[in-house]
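Examining the three-dimensional arrangement
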Amino acid sequence: MASGIGSSSNPGSQDPYSILGLEPGASFESVQQAKEKRLLEVGDDLQARARVEASYDAVLMSSLKERQLGKVSNAAVNASQREELQVETAARSGGSNALLTRLRNINSSTANTKSGEFWPNLSLPEGQGLTVRLVLGGLALLLVIVAPVGSTELILAVSTIALFLSQIRRGRRPLASLGWSVLLLASGLILGGLLLQAMTALPSVTLPITGDQLEAVPTVLLLWAGALLLD
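Procedures and definitions
- Throughout, a residue's number is its position along its own chain's written sequence, starting from 1.
- Selection of residues for local features in this predicted model requires a pLDDT of at least 70, selection of side-chain atom pairs for listing and counting requires 80 or more, and totals for whole chains, interfaces and linings are taken over all residues.
- For side-chain calculations, the full set of non-hydrogen atoms in the structure is used, while hydrogens and water are omitted.
- Numbering goes from the N terminus for both helices and strands, where a helix is a DSSP run of H or I of at least four residues and a strand is a run of E of at least two.
- Residue exposure (1.4 Å probe, protein chains only): buried if accessible area is under 20% of the type maximum, exposed if over 50%, otherwise partly exposed.
- Residue contacts are counted whenever heavy atoms from the two residues lie within 4.5 Å of one another.
- An expected span of 1.5 Å times one less than the residue number is assigned to each helix.
- The term bend refers to the angle at a residue between two fitted axes, each drawn through seven residues, those ending there and those starting there.
- As a per-residue quantity, pLDDT reports the predictor's confidence and falls between 0 and 100.
- Any carboxyl oxygen of Asp or Glu that lies within 4 Å of a side-chain nitrogen of Lys or Arg is treated as forming a salt bridge with it.

So, about the overall build of the protein. The number of helices and strands found in the protein is nine helices and zero strands. Seen in sequence order, the protein has helices and strands lined up from the N terminus as α-α-α-α-α-α-α-α-α. A total of 231 residues make up the protein; the buried ones form 30% of that total. Long-range pairs, those at least 24 residues apart, make up 67% of the contacts in the protein between residues at least 6 apart in sequence.

Quick look at helix H8 (residues 174-200) now. In a regular helix each residue adds 1.5 Å, so 27 residues correspond to 39 Å; H8 covers 39 Å between its end C-alpha atoms and thus fits that length. Within H8, the full set of buried residues consists of Ala 176, Ser 177, Trp 180, Ser 181, Leu 184, Gly 188, Gly 192 and Gly 193. Residues of H8 that are buried make contact with helix H7 (152-169) and helix H9 (211-229).

Another aspect to go through is the side chain of Lys 35. Take Lys 35: it is sitting in helix H3 (residues 28-42). By relative accessible area, which is 17% here, Lys 35 ends up buried. Setting aside anything within four residues of it in sequence, one finds Lys 35 in contact with Leu 20, Val 52, Glu 53 and Tyr 56.

So, on to the side chain of Thr 160. Of note, Thr 160 is situated in helix H7. Look past the residues within four positions of Thr 160 in its chain and what remains in contact with it is Ser 181, Leu 185 and Leu 223.

Here we come to H9. Counted at 1.5 Å a residue, the expected span for H9 with its 19 residues is 27 Å, and the 28 Å between its end C-alpha atoms agrees. At Val 217, H9 shows its largest kink, close to 25 degrees, and the proline Pro 218 lies no more than four residues downstream. Buried within H9 we find Gln 213, Leu 214, Ala 216, Val 217, Pro 218, Thr 219, Val 220, Leu 223, Gly 226, Ala 227 and Leu 228. Where H9 is buried, its residues touch helix H6 (128-146), H7 and H8.

Looking at the element boundaries, Asp 15 is found in the loop between helix H1 (2-7) and helix H2 (16-20). It is 7.9 Å that separates the C-alpha atoms of Asp 15 and Ser 55, two residues lying 40 residues apart in sequence.

For the rest of this paragraph, the subject is the environment of Thr 210. Looking at the element boundaries, Thr 210 is found in the loop between H8 and H9. Given a relative accessible area of 30%, Thr 210 falls into the partly exposed group. The spacing of Thr 210 and Leu 196 is 14 residues in sequence and 9.7 Å in space, taken between C-alpha atoms.

As a further point, take the confidence of the model for the protein. Per-residue pLDDT for the protein has a mean of 74; in total, 71% of the residues score no lower than 70. Long-range and interchain partners of residues 6-13, a stretch whose pLDDT sits below 50, account for eight contacts in this model, where long-range means more than four residues apart. Confidence drops under a pLDDT of 50 for residues 109-116, and excluding neighbours within four residues, the segment shows four contacts in the predicted structure.

On to the pattern of salt bridges, then. Applying the stated criterion across every chain yields a total of two salt bridges. A salt bridge links Glu 53 to Lys 35, with the shortest nitrogen-to-oxygen separation between them at 3.4 Å. Note that Glu 53 is positioned in helix H4 (residues 46-68) and Lys 35 in helix H3, a separation of 18 residues in sequence. In this structure, the salt-bridge partner of Arg 38 is Glu 41, at a minimum N-O distance of 3.1 Å. Of this pair, Arg 38 and Glu 41 both sit in helix H3, three residues apart, roughly one helical turn. On the basis of relative accessibility, which here comes to 7%, the residue Arg 38 falls in the buried class. Taking relative accessible area as the criterion, Glu 41 reaches 34% and is therefore assigned partly exposed.

Written as structure tokens, this is what we have:
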């Protein structure tokens, strides 16, 4: 029988019952056993195995059609019901697993959203991210001190944008990132203004930098700290 299955060039040229060695109306257990027996007989012959699988499917479909037409025995009805139950159980199992996966993803994303809405976690980045932030922050502070007069506002604007992008890269929502960037910018300018007032109130103190530069130093430091710590 194995050679007959393997030598047939047209899968439709043989009756599926003949390929499986069955009679029409065979029980579900007989169909299962015949399929397993034929697969063992054909071994690793891929074409023959495909014919056995196709014949198995055809026999099951034929049983279902006969059941619908009322031409099936009680044994075949029971076999068909068992087959449908197996398919339905597998579908429900797969559906429930998919549903559970979706619920886990929703819960996870909700938790992440809640934790990242506005109040951030404070943590230092690792590896190259930390190095880049340290270098850029130090460069911004240096530019504030040595850059020509009138360029302070540009440096602060670039630093604020850099803080915003830093938070986005670390997974924070855009609105929260924008809020913290503006808040730190405003806080730095307020601190810088207070520092400038305090320094100008001391007539004996000569500032090595301009008032704009002095006012920008706390702002850059706050923006730098935000880029390092806001997560």
